[in-house]
Amino acid sequence: MTHEELKALDGQYVMGTYGRFDVDIDRGKGATLYDLAGKEYIDFSSGIGVCSVGYGDPRWVEAVSGQAAKLAHVSNLFYTQPCAQLAQVLCQRSGMAAAFFANSGAEGNEGLIKLARKYSFDRYGKGRGTVLTLKNSFHGRTITTLTATGQEVFHNYFFPFDEGFRYAQAGDMNSLQAAAGHDVCAVLLELVQGEGGVLPMEKAYVQALAELCRERDWLLLVDEVQTGVGRTGTLFAFQQYGIEPDAVSFAKGIAGGLPMGGFLTHARCRDVLGPGTHASTFGGNPICASAALAVLEILDGELLDAVAEKGKYLRRRIGQMNLDCLGATRGLGLMIGVEVKERYSNKELAARLIGNGLLVLTAGRALRLLPPLTISREEIDKGLLILERTLS
Ligand SMILES: *Cc1c(COP(=O)(O)O)cnc(C)c1O
């Protein structure tokens, strides 16, 4: 099939909810992708933070194909080994106590919200179901997680939205105090706002917020759908903030390209959701769980340290280019935002970079870089060369 044939087919039969770039992708190896015509692209996007271990890693391929041949799926009415082992590894490496598996980030966050409301209901009864979230956050596309998302642009068309959410200014404890009330059961936040523009939270703010949660018996819920699974240089970003969340969601990078999401709970609330209170048909699926086990094996301590190093290197090199259109860089590990100057459009810059063979993302007004965590120095340098040549 040619690019034009594919584009016509997609245009006719796939619902037009995405503004696609004029590029198709056919295959990949490492952090390098190829289109149908064989053109090469360096990947600074990992899908959207999904392909954490790049493309075609033999350990990942072996885990997925081996499990596919053995057992693709059985319901959650039965025990399966990959699911239990994955929960164990996630808990041991995060200090959390138990895992629930679903299939996406939004579902992971729905789980956090259900957990907080039931925790509060069990202790205090009705009328304490409000979750505080932050302005400029992003928590997903279901009606509830859209409501949780603290950006007015998302609160459109699909009325009525849910009750039970209020929004505080990110980084501002006074705003959080002002949003507090007797009806609150939890705070939900991203430690680095991803879709909002790659904006890391201040450590002091996060610790003060955690303290307030403890005082009021609100659950501290961290959305690590984008920051989790090694993206920021530790398995979860909360491990760099000196806090112990009550629950943490994950998704994107967990299974290295297969759909999986879910959440982990602290020992304090591991038994809140008992039999029959929450479920997912596909959650903990053996193929996805095997893929995730391979991802976590690849993301050992050494590799996570390398993530932090690669992030610093990328930011230093981009800073040194002194490009007219770009401002300062920010972020944590390999989650990087590059400020785009006022008179330039990040979408236009991204389209030019992609056209020249470098896949990048946008977020807020910034360019956003989320390369595979396993990207090689050679691939990083190739990508940086494209960036410099395209934008200077
Ligand atoms: C991507 C994202 C989500 C939504 O994940 P889906 O898998 O698309 O449902 C939620 N929260 C954050 C922080 C995200 O980056």
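Higher on the page you've got the structure.
What you are looking at is a predicted structure, and each value in this text was computed from that prediction instead of being measured.

A. Spatial organisation of the sheet that holds strand E15 (residues 358–359). The four strands are arranged E1-E2-E3-E15 in an open sheet whose pairing can be described as mixed. Looking along the sheet, the strands with just one partner apiece sit at the ends: strand E1 (27–29) and E15. Bridge analysis of strand E2 (residues 32–34) against strand E3 (residues 40–43) gives three bridges, and the strand direction is antiparallel. When the sheet's bridge partners are listed, Leu33 is paired in E3 with Tyr41. Across the face of the sheet, helix H12 (residues 377–391) comes into contact with E1, E2, E3 and E15 while running at roughly 105° to E3.

B. Geometry of the layout of surface pockets. In this structure, the second largest pocket encloses a volume near 980 Å³. If you trace the second largest pocket, you find 34 residues lining it, with Asn76, Cys83, Ala99, Phe100 and Phe101 closest to the centre. Broken down by element, the lining of the second largest pocket gets its largest block of residues, four residues, from strand E4 (residues 98–102). A breakdown of the residues in the lining of the second largest pocket according to their chemical character gives 19 nonpolar, 14 polar and one charged.

C. Representation of the pattern of salt bridges within the structure. For the structure on display, the rule yields 15 salt bridges. Note that Glu309 and Lys312 form a salt bridge whose closest N and O atoms lie 3.7 Å from each other. Of the two residues, Glu309 and Lys312 are both situated in helix H10 (residues 301–320); the distance of three residues between them amounts to about one turn of the helix. The closest approach of N and O atoms between Asp381 and Arg317, which form a salt bridge, is 3.2 Å. In this pair, Asp381 is assigned in helix H12 and Arg317 in helix H10, connecting sequence segments 64 residues apart. By relative accessible area, which is 27% here, Asp381 ends up partly exposed. For Arg317, a relative accessible area of 23% translates into the label partly exposed. Put simply, Glu244, Asp246 and Arg268 are held in one network by salt bridges that share partners.

D. Expanded view of the sheet that holds strand E17 (residues 366–369). Sheet architecture is open: four strands sit in the order E13-E14-E17-E16, paired in antiparallel fashion. Each edge of the open sheet is held by one strand with a lone partner, namely strand E13 (326–332) and strand E16 (361–363). Mean inter-strand twist for the sheet, computed between neighbouring axes without regard to direction, equals 30°. Of the pairings in the sheet, the one linking E13 to strand E14 (residues 335–340) comprises five bridges and is antiparallel in character. In the strand pairing of E14, Arg330 is matched with Gly337. Across the sheet, H10 touches E13, E14 and E17, and the angle it forms with E13 is around 170°.

E. Representation of the site of the ligand within the structure. If you check the shell around the ligand, you find Ser104, Gly105, Ala106, Asn109, Phe138, His139, Gly140, Glu190, Asp223, Val225, Gln226 and Lys252 and nothing else. Within the backbone of Gly105, an N or O atom sits 2.8 Å from an oxygen atom of the ligand. Within the backbone of Ala106, an N or O atom sits 2.8 Å from an oxygen atom of the ligand. Look at the ligand: alone it shows 380 Å² of surface, and the protein chains cover 81% of it. Ranked by residue count, the leading element in the shell around the ligand is helix H5 (residues 105–124), at three residues. Residue composition of the shell around the ligand, grouped by class: three nonpolar, six polar and three charged.

F. View of a nonpolar patch on the surface. On the surface, Met1, Leu9, Tyr13, Val14 and Leu36 cluster together into a nonpolar patch covering about 520 Å² of accessible area. Among the structural elements, Leu36 can be located in the loop between E2 and E3.

G. Quick peek at the side chain of Ser46. Residue position: Ser46 is located in helix H2 (residues 46–49). On the basis of relative accessible area, Ser46 is assigned to the buried category, the value being 0%. Residue contacts for Ser46: discarding those within four places in its chain leaves Cys51, Tyr55, Arg231, Leu370, Pro371 and Pro372.

H. View of the packing of aromatic side chains. Applying the stated criterion to the full structure yields six aromatic pairs. When the ring of Tyr157 is compared with that of Phe158, the centres are 5.7 Å apart and the planes differ by 80°; the resulting orientation is edge-to-face. Take Phe158: its relative accessible area is 46%, and that puts it in the partly exposed class. A centroid spacing of 5.3 Å and a plane angle of 85° characterise the contact between Phe159 and Phe161, whose relative ring orientation is edge-to-face. Given the relative accessible area of 56%, Phe159 is considered exposed. Look at Phe161 and you get buried, because its relative accessible area is 19%. Lying across the ring of Tyr124, Arg128 places its NZ or CZ 4.0 Å from the centre.

The rules behind these values
- Residues numbered from 1 in each chain as written.
- Predicted model: local features only at pLDDT ≥ 70, side-chain atom pairs only at ≥ 80, totals over all residues.
- Heavy atoms only, no water.
- Pairing = 2+ DSSP bridges.
- Helix = DSSP H or I, 4+ residues; strand = E, 2+ residues; numbered from the N terminus.
- Contact = heavy atoms within 4.5 Å.
- Axes fitted to C-alpha atoms, helices over the stretch in contact; angles between N-to-C directions.
- 1 Å grid on protein atoms, 1.4 Å probe; cavity = no way out; pocket = protein on both sides within 12 Å on 5 of 7 lines; lining within 4 Å.
- Points joined across faces, edges and corners; volume = space filled by probe spheres on them.
- Nonpolar A, V, L, I, M, F, W, Y, C, P; charged D, E, K, R; others polar.
- Salt bridge = Lys/Arg side-chain N within 4 Å of Asp/Glu carboxyl O.
- Buried < 20%, exposed > 50% of the residue type's maximum accessible area, 1.4 Å probe, protein only.
- Near = heavy atom within 4 Å.
- Polar contact = N/O pair within 3.5 Å; in protein donor to acceptor, adjacent residues only side chain to side chain.
- Areas by Shrake-Rupley, 256 points an atom, 1.4 Å probe, with all protein chains shown as cover.
- Patch = residues over 30% accessible without salt bridge, like charges linked within 9 Å, V, L, I, M, F, W, Y side chains within 5 Å.
- Phe/Tyr/Trp six-rings, centres within 6.5 Å; stacked < 30°, edge-to-face > 60°.
- Lys NZ or Arg CZ within 6 Å of the ring centre and 35° of its normal.

Any functional reading would require information that these geometric values do not contain.
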